[in-house]
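Descriptive analysis of the structure
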Amino acid sequence: MTEWLKKYPPQSMVTKAYEFAGEAHKDMKRLNGDSYITHCLAVAKTVHDWRLDETSVAAALLHDVVEDTVYTIQNIEKDFGGEITFLVNGLTKLKTFQYSSKDQNVENMRKLIIAFSKDLRVVIIKLADRLHNMQTLEVLPLDDQKRIALETAEIYAPLAYRFGMQRLSGELEDLAFPYLYPNEYEWLLKTVKEEFSERQIYANKLKPIVQKLLRENEIIPVGIDSRAKRYFSLYKKLLRHDMNLEKIYDLVAIRIIVKTVEECYAVLGIIHKIWQPLPGRIKDYIARPKPNGYRSLHTIVFSVDNKITEIQIRTEEMHEEAELGIAAHWAYEQIKSSEKHWKNWLGVRERKELLWVEQLRNWQKNFSNQKEFIESLKIDFFKDRIFVITPQNDVIDLPAGATPVDFAYRIHSEIGNQCVGAKVNGKVVSLNCELRSGDVIEIITQRGKKPSPEWLKFIKTSLAANYIKNALRAKNKLLLKKIAPLGIEFKIVNKDRPGYLKDITAAFAELKINIIFLASQIDQKSIFSTVSVKCGNLERDKLEKLLVKLKAIPETKEVHHKFGR
Ligand code: MN
């Protein structure tokens, strides 16, 4: 259990942390009777196996000290210094998050965890902690089991997936599965068991054939193995396929690992030459990686005895990334040589919802060495967004610099309009104060109150701006003049014809809009002429109606408008 610890010299932070944690937790037992330090060691070993830095391993050993023992964060700071303290502090804070199925905003919850952590290593250590908690979940009371399993499936497994830590993500889901859906789990085990072993035997039969085939083509693979599909992901797939196991082609897949990208494609060609591919099922995740960075070639072929088999082809590097994801970064010693590899990994642009993970990846590639990279993880990579919390514990996502007024309008337009004050973390603040991630915000309202035009100077969201302007417009048209432009100027490009100007003025008249100025200009060199019209301010929908009318007039070519005097 502690064999791996010997890699760290006696004077290292890791050894010191081990001794400190051992002393701090010495009288504590876990529910299964193990001494508590076994948990700290398990978490730290996982972090060590993922090849995170020494600081992270030490923080993993200390992660439960502040919460569960008499020792404080000051004690840790004194013995271990700022960086480890920072990580332990982040891990202690994360414990206050509890997810319940009532929370609508799962995605925000995931982001919140990251934003709160401030350093990705905190999230990664947290994932290691969660893995061990799941592995030892059976001793907890039933209610806790369900809650923790749900939180794992909804929050932590997807987070791991986003980080490209596919193996961990699948493992967490599989550990949660029996607690979440005990009946389905049992049904699945019973149903697939035979099929699994049958296909495993078949896969083993294919291996030497593939080996020989590649050798004939002068490719020596680094490895050929088979991988069985994970239970939970299989279950989810079965749900999509009428619970019909016949339709699951990747129950057992053959995985071929080679040295170079060129070899990946060569192997694909060789395989397709002898076994026919299933049409439409060749997936090139090398050219187009999955949003979480996953790269590999997948194909489904009719192989020996015409059986349908999935084959995955990838390089060692891709394999490592698929297993370790973001953590794999620490494993690369020569970052420079992998610059190209980051570029490939970064190639996906289209998925907006994954932008934040991408931001992260983009970020990584700008660092030339590991130290710099780790340094960078401390920066809040959501520097443009903040996450604040309502008294009901809902998470609200706002742009950086947002104020209580932006928050109030985000909750409800009337709460915004009637807002007279705000409390942040229980303290009264001014309405223009800048909110920060993690703040709990309470809005004080007064019935019948109207918004102040002053607010427009400090708010950050257009949502709030629109509501405020509308409310002010209703309240006082004079005020509006101060904040809104004083009229609209139209330039209408047309092909001149008799009666055209009359049609223009008629369009304004129908909508009861006063024309302040009208001029027509005919350019001799051009076949088009331009009519300029000015009128006073218009409400949005009136303006839209007018634009539609103007465009509908025969021989109108273009209508431009701008706000001004
Ligand atoms: Mn723990």
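Right above here is the structure, for reference.
Report on the accompanying structure. (Residues numbered from 1 in each chain as written. Predicted model: local features only at pLDDT ≥ 70, side-chain atom pairs only at ≥ 80, totals over all residues. Heavy atoms only, no water.)

Moving on, we get to the overall build of the chain. On a plain count of helices and strands, the chain comes out with 23 helices and 15 strands. Counting over 565 residues, the chain shows a buried share of 49%. Taking as baseline every contact in the chain between residues at least 6 positions apart, the subset at least 24 positions apart corresponds to 67%. Of the roughly 29,000 Å² of accessible surface on the chain, 50% is carried by carbon and sulfur atoms. (Helix = DSSP H or I, 4+ residues; strand = E, 2+ residues; numbered from the N terminus. Buried < 20%, exposed > 50% of the residue type's maximum accessible area, 1.4 Å probe, protein only. Contact = heavy atoms within 4.5 Å. Areas by Shrake-Rupley, 256 points an atom, 1.4 Å probe, with all protein chains shown as cover.)

Here the focus is the nonpolar core. Note that soluble globular proteins tend to have their nonpolar side chains buried in a common cluster. Ranked by internal contacts, the top residues of the largest apolar core, which has 59 residues, are Trp50, Leu62, Ile125, Leu127, Met165 and Leu168. Those elements that place two or more of their residues in this core are α1 (13-24), α2 (37-49), α3 (54-61), α5 (73-94), α7 (120-135), α8 (142-162) and α9 (166-180). The greatest single-element share of this core, amounting to nine residues, is contributed by α7. The residues touching Leu62, leaving out its near neighbours within four places in the chain, are Ala17, Phe20, Ala21, Ile76, Phe80, Ile84 and Val88. The next biggest cluster of nonpolar side chains, apart from the first, holds 35 residues, and it includes Val210, Leu268, Ile286 and Val301. (Core = buried A, V, L, I, M, F, W, Y, C linked by side-chain atoms within 4.5 Å.)

Spatially, β13-β14-β12-β15 is the arrangement adopted by the four strands of the open sheet, whose pairing is antiparallel. Edge strands, defined here as strands with exactly one partner in the open sheet, are β13 (515-522) and β15 (556-563). If you compare each strand with its neighbour and ignore which way they point, the axes differ by 15 degrees on average. Here strand β12 (residues 488-494) pairs with β15 via seven bridges, running antiparallel. Residue pairing in the sheet places Ile488 in a bridge with Phe563 of β15. Packed on one face of the sheet, helix α23 (residues 540-552) meets β12 and β15 and runs near 155 degrees to β15. (Pairing = 2+ DSSP bridges. Axes fitted to C-alpha atoms, helices over the stretch in contact; angles between N-to-C directions.)

What follows concerns the packing of aromatic side chains. All chains considered together, the criterion is met by 14 aromatic pairs. When the ring of Tyr181 is compared with that of Phe232, the centres are 6.3 Å apart and the planes differ by 15 degrees; the resulting orientation is stacked. Highlighted residues: Tyr181 in the loop between α9 and α10 (182-216) and Phe232 in helix α11 (residues 231-240), separated in sequence by 51 residues. On the accessibility criterion, Tyr181 (35% relative accessible area) is partly exposed. Measuring from ring centre to ring centre gives 6.1 Å for Tyr181 and Tyr235, while their planes differ by 35 degrees; the resulting arrangement is tilted. On the criterion of sequence distance, the pair formed by Tyr181 in the loop between α9 and α10 and Tyr235 in helix α11 is long-range, its members being 54 residues apart. Since its relative accessible area comes to 8%, Tyr235 is described here as buried. Here the aromatic cluster, defined as three or more aromatic residues joined through ring pairs, consists of Phe177, Tyr181, Tyr185, Phe196, Tyr231, Phe232 and Tyr235. Positioned over the ring face of Phe80 is Lys16, at 5.5 Å from the centre of the ring. Lying over the aromatic face of Tyr202, Lys307 brings its terminal NZ or CZ to 5.0 Å of the ring centre. (Phe/Tyr/Trp six-rings, centres within 6.5 Å; stacked < 30°, edge-to-face > 60°. Lys NZ or Arg CZ within 6 Å of the ring centre and 35° of its normal.)

Below, the discussion takes up the layout of surface pockets. In this structure, the largest pocket spans a volume of roughly 1,100 Å³. Arg227, Lys229, Ser233, Asp250 and Lys290 are the residues nearest the centre of the largest pocket, which is lined by 32 residues in total. The element best represented in the lining of the largest pocket is α9, accounting for five residues. When residues of the lining of the largest pocket are sorted by domain, at least three fall in each of domain 1 (3-165) and domain 2 (182-324). (1 Å grid on protein atoms, 1.4 Å probe; cavity = no way out; pocket = protein on both sides within 12 Å on 5 of 7 lines; lining within 4 Å. Points joined across faces, edges and corners; volume = space filled by probe spheres on them. Domains from an automatic or database assignment.)

At a minimum axis distance of 12 Å, the contact between α1 and α5 shows a crossing angle of 145 degrees. The two elements α1 and α5 cross, and the hand of that crossing is left-handed. Here α1 contributes Met13, Lys16, Ala17 and Phe20 to the contact with α5, which in turn contributes Asn75, Ile76, Asp79, Phe80 and Ile84. Grouping the constituent residues of the contact of α1 with α5 by class yields six nonpolar, one polar and two charged. (Left-handed = near helix turned anticlockwise from the far one by under 90°. Nonpolar A, V, L, I, M, F, W, Y, C, P; charged D, E, K, R; others polar.)

We now examine the sheet that holds strand β9 (residues 419-424). Spatial strand order, β10-β9-β11: three strands in an open sheet with antiparallel pairing. Strands at the two margins of the open sheet, each flanked by one partner only, are β10 (427-429) and β11 (441-445). Between one strand axis and the next, the sheet turns through 35 degrees on average, direction left out of account. Looking at chain direction, β9 and β11 are connected through five bridges and run antiparallel. Bridge pairing in β11 places Lys423 opposite Glu442. Across the sheet, helix α18 (residues 404-411) touches β9, β10 and β11, and the angle it forms with β11 is around 80 degrees.

With that out of the way, let us pick up the coordination of the manganese ion. Protein ligation of the manganese ion involves His39 (NE2), His63 (NE2), Asp64 (OD) and Asp129 (OD), the donor distances falling in the range 2.2 to 2.4 Å. For the manganese ion, the single-chain donor residues occur in sequence as H-x23-H-D-x64-D. With His63 in the loop between α3 and α4 (65-68) and Asp129 in helix α7, the pair connects residues that are 66 residues apart, well separated along the chain. Asp129 gets classed as buried once you look at its relative accessible area, which sits at 5%. (Donors = N, O, S within 2.8 Å, 3.2 Å for Na, K, Ca; no water.)

What follows covers the environment of Arg473. Note that Arg473 resides in helix α20 (residues 462-475). The class of Arg473 is partly exposed, set by a relative accessible area of 29%. A C-alpha to C-alpha distance of 9.9 Å links Arg473 and Glu539, two positions 66 residues apart in sequence.

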